[in-house]
Amino acid sequence: MAFPVEIDPKAAEEIGRLIERKGKPGSFLRIGVKGGGCSGLEYMMRLDETLRDNDMVLDVGGYRVVCDPKSATFLAGSRLVWTGNLMQGGYAFENPNAKRSCGCGVSFTPK
């Protein structure tokens, strides 16, 4: 299975900066979804250092972005972009699987 999320070039650049600034050696960006938020599912992004056996890995400019298979179902066909908006940490998901999203863009209801 292909990596579920396309990473916009500006977002890729910012991911590299984030890992360089806050990561430890071997760190990568883990993206996914979890239950919660005001719309049912909440986007999740965090630095991590532990790969799981079934993780999907994408190399983005020499940095790794990782997603678990369950989250990949909800993120398939999405695009991660850099908005510069501090309310969302500067990143936003453009997700075709979202029936609706909350006003702040942190959570969504799947189709």
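The structure displayed is predicted, hence computed values, not measured ones. (Residues numbered from 1 in each chain as written. Predicted model: local features only at pLDDT ≥ 70, side-chain atom pairs only at ≥ 80, totals over all residues. Heavy atoms only, no water.)

Visitor: So what about the overall build of the chain? Which residues, and what values?
Guide: When helices and strands are tallied, the chain shows 2 helices and 9 strands. The N-to-C order of helical and strand elements in the chain reads β-α-β-β-β-β-α-β-β-β-β. Buried positions account for 42% of the 111 residues belonging to the chain. At a minimum sequence separation of 6, the contacts of the chain that also span at least 24 residues come to 50%. (Helix = DSSP H or I, 4+ residues; strand = E, 2+ residues; numbered from the N terminus. Buried < 20%, exposed > 50% of the residue type's maximum accessible area, 1.4 Å probe, protein only. Contact = heavy atoms within 4.5 Å.)

Visitor: Any chance you could break down the environment of R64 for me, citing the residues and the numbers?
Guide: Mapped onto the elements of the fold, R64 is located in strand β5 (residues 63-67). Separated by 49 residues in the primary sequence, R64 and I15 place their C-alpha atoms 9.0 Å from one another. Residues contacting R64, with those up to four places away along its chain left out, are I19, G26, S27, F28, L29, L51, V57 and L58.

Visitor: Run through the nonpolar core, naming residues and quoting values.
Guide: Most often, soluble globular proteins have nonpolar side chains that are buried together. In this structure, V5, I7, I15, I31 and L80 are the most contacted members of the largest nonpolar core, which totals 24 residues. Secondary-structure elements contributing two or more residues to this core are β1 (5-7), α1 (9-22), β2 (28-36), β3 (40-48), β4 (56-60), β5, α2 (69-75) and β7 (91-94). By residue number, the principal contributor to this core is α1, which donates 5 residues. Ignoring anything within four residues of it in the chain, the contact list for L80 reads V5, E6, I7, D8, A11, I15, M45, Y91, A92 and F93. (Core = buried A, V, L, I, M, F, W, Y, C linked by side-chain atoms within 4.5 Å.)

Visitor: For α1, give the residues involved together with the corresponding values.
Guide: Taking 1.5 Å per residue as the helical rise, α1 with its 14 residues ought to reach 20 Å, and the 20 Å between its terminal C-alpha atoms agrees with that figure. A distance of 3.1 Å separates the backbone nitrogen of K10 from a side-chain oxygen at the start of α1, and that oxygen is part of D8. (Expected span 1.5 Å × (residues − 1). Polar contact = N/O pair within 3.5 Å; in protein donor to acceptor, adjacent residues only side chain to side chain.)

Visitor: Talk me through the pattern of salt bridges; I want residue IDs and the actual numbers.
Guide: If you walk through the whole model with that rule in mind, you get 11 salt bridges. Two residues, R79 and D8, come together in a salt bridge whose shortest N-O distance is 2.7 Å. With R79 in strand β6 (residues 78-82) and D8 in the loop between β1 and α1, this residue pair connects regions lying 71 residues apart in the sequence. Across the pair E14 and K10 runs a salt bridge, and its minimum N-O distance is 3.4 Å. Separated by 4 residues within a single helix, E14 and K10 lie in helix α1, roughly one turn from each other. For E14, a relative accessible area of 12% corresponds to the buried category. The structure contains a network of salt bridges with shared partners spanning E6, D8, R79 and E94. (Salt bridge = Lys/Arg side-chain N within 4 Å of Asp/Glu carboxyl O.)

Visitor: Would you mind going over the pairing of β5 in detail, with residue names and values included?
Guide: Successive residues of a regular strand alternate their side chains across the two faces of the sheet. Bridge count between β2 and β5: 3 bridges; the pairing is parallel. Within the sheet, the bridge partner assigned to R30 lies in β5 and is V66. Note: β4 against β5, 5 bridges, orientation antiparallel. Following the sheet pairing, V60 is matched in β5 by Y63. (Pairing = 2+ DSSP bridges.)

Visitor: Give me the lowdown on the pairing of β2, citing residues and values where you can.
Guide: Bridge count between β2 and β3: 9 bridges; the pairing is antiparallel. Within the sheet, the bridge partner assigned to R30 lies in β3 and is R46.

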